[in-house]
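# Chain and residue survey
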Amino acid sequence: QVQLAESGGGFAQSGGSLRLSCSPSRDIISIYAMGWYRQIPGKQRELVVHSINGGVTKYADSVKGRFTISRDTDKNLLYLQMNNLLPEDTAVYYCQAQMDYGLGYGIVDYWGRGTQVTVSS
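This section reports on the structure supplied with the text. Not measured: the values here are computed from a predicted model. Counting of residues starts from 1 at the beginning of each chain's written sequence and follows it residue by residue. Side-chain atom pairs in this predicted model are given and counted only at pLDDT of 80 or more, local residue features only at pLDDT of at least 70, and totals for whole chains, interfaces and linings cover all residues. The side-chain numbers reported here are obtained from all heavy atoms of the structure, hydrogens and water having been left aside.

## Things to note about the pairing of strand β8 (residues 77–82)
Among the 6 residues that make up β8, 5 are buried, leaving the element largely enclosed by the rest of the structure. Being paired, for any two strands, means DSSP has found at least two bridges between them. Helix and strand definitions follow DSSP, with helices as H or I runs of at least four residues and strands as E runs of at least two, each counted in order from the N terminus. As paired elements, strand β3 (residues 18–24) and β8 share 5 bridges and run antiparallel to each other. Paired with S21 across the strands is Y79, a residue of β8. Here strand β7 (residues 67–72) hands over to β8 after 4 residues, with N76 in that stretch at a positive phi of 55 degrees. The buried label goes to any residue with under 20% of its type's maximum accessible area, the exposed label to any with over 50%, and the partly exposed label to all in between, with areas taken from a 1.4 Å probe on protein chains only.

## Some thoughts on the state of the cysteines
What we call a disulfide is simply a covalent bond connecting the sulfur atoms of a pair of cysteines. Our working definition of a disulfide is a cysteine sulfur pair at a distance within 2.5 Å. With the rule as written, the count across this model stands at 1 disulfide. One disulfide bridge connects C22 with C95, the sulfur atoms lying 2.0 Å from each other. Between C22 and C95 the sulfur-sulfur dihedral comes to about -80 degrees; the bridge is accordingly left-handed. Highlighted residues: C22 in strand β3 and C95 in strand β9 (residues 91–100), separated in sequence by 73 residues. Across the pair, exposure class does not vary: C22 and C95 are buried alike.

## Examining the side chain of T115
Here T115 is to be found in strand β11 (residues 115–120). The class of T115 is buried, set by a relative accessible area of 12%. Whenever a nitrogen or oxygen atom comes within 3.5 Å of another N or O atom, the pair is scored as a polar contact, on the condition that within protein one atom can donate a hydrogen and the other can accept it, and that pairs from neighbouring residues in sequence are kept only if both atoms are in side chains. Only 3.3 Å separates the side chain of T115 from the backbone nitrogen of G9, close enough to count as a polar contact. Working rule for contacts: check all heavy atoms of both residues, and any pair within 4.5 Å makes them a contact. Residues within four places of T115 in sequence aside, it is in contact with E6, G9, L20, A91, V92 and Y93.

## Overview of the side chain of S21
Its location among the elements puts S21 in strand β3. By relative accessible area, S21 is classed as buried at 12%. When residues no more than four places from it in sequence are discounted, the contact partners of S21 are A5, E6, S7, W36, L78 and Y79.

## Description of the nonpolar core
Only buried residues count toward a nonpolar core. Its members are Ala, Val, Leu, Ile, Met, Phe, Trp, Tyr and Cys residues joined through side-chain atoms within 4.5 Å. Within the largest apolar cluster, 29 residues are counted, with the highest numbers of intra-cluster contacts made by M34, W36, L80, M82 and Y93. Those elements that place two or more of their residues in this core are β3, β4 (33–39), β5 (46–52), β7, β8, β9 and β11. Considering every element that reaches this core, the biggest residue donor is β9, with 5 residues. When neighbours within four sequence positions are excluded, M34 is seen to be in contact with L4, C22, P24, I28, H50, S51, I69, R71, L78, C95, Q96 and A97.

See below:
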């Protein structure tokens, strides 16, 4: 299992920046993939960015060029740097980890509790 703890949410003005952090309970390099999702009340959780360790990273079109995912293996943290924030970025942001348990067990998703990001116009 993997426990995830997000931090760094808060308030920002339109055009501002925030950086989210996610601390996994196990070595980040052992995690198959990690990502960030967001959810607005009454709507489905949506992909922000998904990154396979040592592989492909996929960003939602709405955040391309503004958001950047990164891993700090020394600090064992996942980051989401959010620049040029827009009011429509307001949401609860969730950290996701995927563990690949191999043939017969497959990939299992783990989620943090989320952190609120609010962007004012």
